[in-house]
Amino acid sequence: MDKLLIRGGRSLAGEVIISGAKNAALPELCAALLTDETVTLDNVPGLQDVSTMLTLIRNMGVQAARQVDVPGTVVINAGALSSPEAPYELVKTMRASVLALGPLLARFGEATVSLPGGCAIGSRPVDQHIKGLQAMGAEIAVEHGYMIARLPKGQKRLRGTSIATDMVTVTGTENFLMAASLAEGETILENAAQEPEIGDLAEMLIKMGAKIEGHGTSRIRIQGVERLHGCRHQVVADRIETGTFLCAVAAAGGDVVLRHGRIDHLAAVNDKLREAGAVVTGGDGFIRIQANGRLVAQSFHTTEYPGFPTDMQAQFMALNAISTGASTVTETIFENRFMHVNEMVRLGAKIQIEGKVAVMEGVEKLSGATVMATDLRASASLVIAGLVADGETLVDRIYHLDRGYDQMEAKLRGIGAEIERIKS
């Protein structure tokens, strides 16, 4: 497995180009299954999860290819889709594969999608997906590890209804949004997730001819149409990649501009960075962060958007680890999202876990060591810690990092970090 070798202690300066959002690109690739016309997506990040999704839809008979002459552009045509099935061999490597369920069922009246495998950071149940699609008239059985969905005999389309999920679910909201676009009548989503990536998916569906109102709020209305057409859409910038680089600069010190970053998508994180002592400014298509010296540790708790994102918890903890003062971090979304803590302690961080709360005492410096990544955002937190640690830090199992960060080490080198990939 590849590793990252980091020599810490260097401040960061320059510009970083933020890539398209993984969590927008994946549902938008699935949205292309809703039409038999060509869909072109621009600003698609070069990530392992994107490659897995492309393999998944190609396995169904879909034509999907990256444009060699136009980096970041993917062209999809599902006109010849012949097998509306997502097998376990592919779904087990990426839980977002469940996003194929709604589009396949809506367009073809049937779908067979494997139940996702286990997830390192905690349980992500699909029961909300099943209940919502059943409310729209689908018959869904779970057999031999698969969700087997079909429309009742004689029913040609899903039927609009009101869906109120028991919890806020991002992928559930996305599945219902796509399915309802081709349903008969009106669908109202209550308790809908409000993440910017969902708003971006809705904007793409509107370009395809969908009738959607209220995206970006907890109540979304969709008036179903008989068919959708092709479109060209640019994937929104990745707010979690943006936030990760903001935390890296805040920890290491420096002055960096993040191009394409959306300051309005990171209000909760930016507020904490400013309270810590960083200067965060922004405008149309950029965010600038300036930091000098040790910042002040900040307490926070994760919650659904627009609150502090769980996907930024580990990275901000890396900043807290070398900030002045004590802090508490409360994780409310996933039950196993403190697995990076033991590795940070190996680097010299002072952290104790008490249930869902991490109690931290900032230290003046960390000490380089070999550490092991356990999940995607944990990987990023260990890279940030390595940037500020004395000596060398070796981050193992960075295949997790490659799932969600497009050329992270190259971007860090471009702003002054001393970091290299060691091939296995």
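Everything that follows concerns the structure shown earlier in this document.
Presented here is a report on the structure given in the accompanying data block. (Residues numbered from 1 in each chain as written. Predicted model: local features only at pLDDT ≥ 70, side-chain atom pairs only at ≥ 80, totals over all residues. Heavy atoms only, no water.)

1. A closer look at the overall build of the protein
And step 1. For the protein, the count of helices and strands is 14 helices and 26 strands.
And step 2. For 424 residues, the compact-globule estimate of 2.2 N^0.38 gives 22 Å, and the C-alpha radius of gyration of the protein, at 22 Å, lies within 12% of that figure.
And step 3. The C-alpha extent of the protein, read off along each of the three principal axes, is 70 × 50 × 40 Å.
And step 4. Carbon and sulfur atoms form 47% of the exposed surface of the protein, whose accessible area is close to 16,200 Å².
And step 5. For the protein, the distance from the average position of its 41 positive side-chain charges to the average position of its 49 negative side-chain charges is 1 Å. (Helix = DSSP H or I, 4+ residues; strand = E, 2+ residues; numbered from the N terminus. Rg over C-alpha atoms; globule rule 2.2 N^0.38 Å. Areas by Shrake-Rupley, 256 points an atom, 1.4 Å probe, with all protein chains shown as cover. Lys, Arg positive; Asp, Glu negative; His and termini not counted. Charge placed at Lys NZ, Arg CZ, Asp CG, Glu CD.)

2. Here's the deal with the pairing of strand S21 (residues 357–361)
On a regular strand, each side chain points to the face opposite its neighbour's, so the side chains alternate between the two faces of the sheet.
And step 1. Because side chains alternate across S21, one face comprises the buried residues Ala358 and Met360, and the other comprises Val357, Val359 and Glu361, none of which is buried.
And step 2. Where strand S20 (residues 350–354) and S21 come together, 5 bridges link them in antiparallel fashion. Along S21, the bridge assignment pairs Glu354 with Val357.
And step 3. The antiparallel hairpin formed by S20 and S21 contains 2 residues in its connecting segment, where Gly355 sits at a positive phi of about 65°. (Buried < 20%, exposed > 50% of the residue type's maximum accessible area, 1.4 Å probe, protein only. Pairing = 2+ DSSP bridges.)

3. Quick word on the environment of Met204
And step 1. Take Met204: it is sitting in helix H7 (residues 196–207).
And step 2. Taking the C-alpha atoms as reference, Met204 lies 8.5 Å from Ala31; in sequence the two are 173 residues apart.
And step 3. Setting aside residues no more than four positions away along its own chain, Met204 makes contact with Glu28, Ala31, Ala32, Val39, Leu41, Cys231 and His233. (Contact = heavy atoms within 4.5 Å.)

4. Thoughts on helix H5 (residues 127–135)
And step 1. Turning to H5, its buried residues number three or more, namely Gln128, His129, Ile130, Gly132 and Leu133.
And step 2. For H5, the secondary structure elements touched by its buried residues are helix H4 (101–108), strand S8 (139–143), strand S9 (146–150), strand S10 (162–164) and helix H6 (170–181).
And step 3. Gly137 sits one or two residues past H5 and shows a positive phi near 105°.

5. Let's talk about the pattern of salt bridges
Side-chain pairs of opposite charge can arise where the charged atoms are in close proximity.
And step 1. Overall, the coordinates contain 26 salt bridges when judged by the stated rule.
And step 2. Residue Arg7 is joined to Glu418 by a salt bridge in which the shortest nitrogen-to-oxygen separation is 3.7 Å. A residue pair is termed long-range when its members are at least 10 positions apart, and Arg7 in strand S1 (residues 3–7) and Glu418 in strand S26 (residues 418–422) qualify at 411 residues.
And step 3. Among the residues examined, Glu418 registers a relative accessible area of 32% and is labelled partly exposed.
And step 4. Asp49 serves as the salt-bridge partner of Arg403, at 3.0 Å between the closest nitrogen and oxygen. A residue pair is termed long-range when its members are at least 10 positions apart, and Arg403 in helix H13 (residues 399–404) and Asp49 in helix H2 (residues 48–59) qualify at 354 residues. (Salt bridge = Lys/Arg side-chain N within 4 Å of Asp/Glu carboxyl O.)

6. As for the nonpolar core
And step 1. Core analysis: the biggest nonpolar cluster contains 76 residues, and Ile76 and Leu205 have the highest contact counts within it.
And step 2. Among the elements that take part in this core, helix H1 (residues 22–31) stands out by supplying 6 residues, more than any other.
And step 3. Among all residues touching Ile76, those that are not within four sequence positions of it are Leu29, Ala32, Glu37, Thr38, Val39, Leu41, Ile57, Val62, Gln63 and Ala64.
And step 4. The next biggest cluster of nonpolar side chains, apart from the first, holds 68 residues, and it includes Ala268, Leu273, Met312 and Leu366. (Core = buried A, V, L, I, M, F, W, Y, C linked by side-chain atoms within 4.5 Å.)

7. Details of the packing of aromatic side chains
And step 1. All chains considered together, the criterion is met by 3 aromatic pairs.
And step 2. Arranged with centres 4.1 Å apart and planes meeting at 25°, the rings of Phe300 and Phe308 form a pair that is stacked. Each of the two residues, Phe300 as well as Phe308, counts as buried.
And step 3. For the ring pair Phe300 and Phe316, a centre distance of 5.4 Å and an interplane angle of 75° mean the geometry is edge-to-face. (Phe/Tyr/Trp six-rings, centres within 6.5 Å; stacked < 30°, edge-to-face > 60°.)

8. Thoughts on the sheet that holds strand S19 (residues 326–330)
And step 1. With respect to topology, 4 strands assemble into an open sheet ordered S18-S19-S21-S20, the strand pairing being mixed. Each of the sheet's edge strands pairs with one partner strand only, and the pair in question is strand S18 (300–301) and S20.
And step 2. Docked against the sheet, helix H10 (residues 313–321) engages S18, S19, S20 and S21, running at close to 25° with respect to S21. (Axes fitted to C-alpha atoms, helices over the stretch in contact; angles between N-to-C directions.)

9. Examining unusual backbone geometry
And step 1. Cis geometry is found at the peptide bond from Tyr305 to Pro306, where omega equals 15°.
And step 2. With respect to the helices and strands, the residue Pro306 is situated in the loop between S18 and H10.
And step 3. Unlike most non-glycine residues, His144 shows phi in positive territory, near 55°.
And step 4. Relative to the elements of secondary structure, His144 occurs in the loop between S8 and S9.
And step 5. Residue His260 is not a glycine yet carries a positive backbone phi of 75°.
And step 6. When you line up the elements, His260 lands in the loop between strand S15 (254–259) and helix H9 (267–276).
And step 7. Looking at His260, the relative accessible area reads 44%, which means it is partly exposed.

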